[in-house]
Amino acid sequence: MKRFFAVCGGLLAVLLLAVGVRAEEVKNEFFILDLPSGWTVVQDDTPKGAVNIVAVSANQKDMLSVAVTPAPASLKEICTQVCEALKASGISVSDPIKSGDSYVVEFSQGAARGRQYFTSNGKLASAVSLMGDGGKEIMKKHFKPVDPKLFPKSY
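Notes on the structure in this doc start here. Numbering of residues starts from 1 in every chain and runs along the sequence as written. This being a predicted model, a pLDDT of at least 70 is required before a residue's local features are given, and a value of 80 or more before pairs of side-chain atoms are given or counted; all residues contribute to the totals for chains, interfaces and linings. In computing side-chain values, all of the structure's heavy atoms are included and hydrogens and water are not.

## Re the nonpolar core
Okay, so step 1: Nonpolar cores are built from buried Ala, Val, Leu, Ile, Met, Phe, Trp, Tyr and Cys residues. Side-chain atoms within 4.5 Å join them into one set. Any residue under 20% of the maximum accessible area for its type is buried, any over 50% is exposed, and the rest in between are partly exposed; the area is computed with a 1.4 Å probe on protein chains only. Core analysis: the largest hydrophobic core is formed by 24 residues, its most contacted members being Phe-31, Leu-64 and Phe-151.
Okay, so step 2: Each helix corresponds to a stretch of at least 4 residues labelled H or I by DSSP, and each strand to a stretch of at least 2 residues labelled E; elements are numbered beginning at the N terminus. Elements that contribute at least two residues to this core include exactly β2 (31-34), β3 (39-45), β4 (51-57), β5 (63-70), β10 (124-131) and α3 (132-142).
Okay, so step 3: Residue contacts are counted whenever heavy atoms from the two residues lie within 4.5 Å of one another. Excluding residues within four positions of it along the chain, Phe-151 makes contact with Phe-30, Phe-31, Val-66, Val-68, Thr-119, Ser-126, Val-128, Phe-143 and Pro-145.
Okay, so step 4: Judged by nonpolar contacts, the second largest core, of 21 residues, contains Cys-79, Cys-83, Leu-86 and Val-105.

## Focus: the pattern of salt bridges
Side-chain pairs of opposite charge can arise whenever the charged atoms involved come near each other.
Okay, so step 1: A carboxyl oxygen of Asp or Glu within 4 Å of a side-chain nitrogen of Lys or Arg is what we treat as a salt bridge. A complete count under the given rule lists four salt bridges for this structure.
Okay, so step 2: As a salt-bridge pair, Lys-153 and Asp-101 come within 3.0 Å of each other at their nearest N and O atoms. With a gap of 52 residues between them, Lys-153 in the segment after β11 (143-145) and Asp-101 in the loop between β7 (97-99) and β8 (102-109) connect regions that are remote in the sequence.
Okay, so step 3: Relative accessible area serves as the criterion here: at 71%, Lys-153 is assigned to the exposed category.
Okay, so step 4: For Asp-101, a relative accessible area of 48% corresponds to the partly exposed category.

## Points about the packing of aromatic side chains
Okay, so step 1: Ring pairs shown here join Phe, Tyr and Trp side chains whose ring centres sit within 6.5 Å, with only the six-membered ring taken for Trp; geometry is labelled stacked below 30 degrees between planes, edge-to-face above 60, and tilted in between. Applying the stated criterion to the full structure yields four aromatic pairs.
Okay, so step 2: Arranged with centres 6.0 Å apart and planes meeting at 90°, the rings of Phe-31 and Phe-151 form a pair that is edge-to-face. Separated by 120 residues along the polypeptide, Phe-31 in strand β2 and Phe-151 in the segment after β11 bring together distant segments of the chain.
Okay, so step 3: With a centroid separation of 4.9 Å and an interplanar angle of 75°, the aromatic rings of Phe-143 and Phe-151 are classed as edge-to-face. By the burial criterion, Phe-143 is buried, and Phe-151 matches it.
Okay, so step 4: These aromatic residues form a ring-pair network of at least three members: Phe-31, Phe-143 and Phe-151.

Structure representation (structure tokens):
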């Protein structure tokens, strides 16, 4: 559970402070993500059984992250505990709202604002964070999940 919090908190920190490294197709055991021209992967950690990807647009106004890890608790518990940890680190986070099979929260720090989606297939949990409209469009058009139950049905 602590590792999941660290991953989610780290994702938001990287999202809020991202600097570009490289752009590519991201492919792992959970999904394929085809980043369009102008997007750069700034973090790509893929240990066995988990993943943590962060990408940013060239103008750094649009960002996305996708994390998958084993689900040590119920989805609502995971979402609530991650939100509490984010609030403790100075990030403003709304109360979770149920949306289909996911929970959604809005977050902000300074001028940076976004949404985070928490979803689970019962064994694994995902956290998808989006800032700006570009990340949302990429997830709709260029994200191909291996297990659709692990990710939100809509963004």
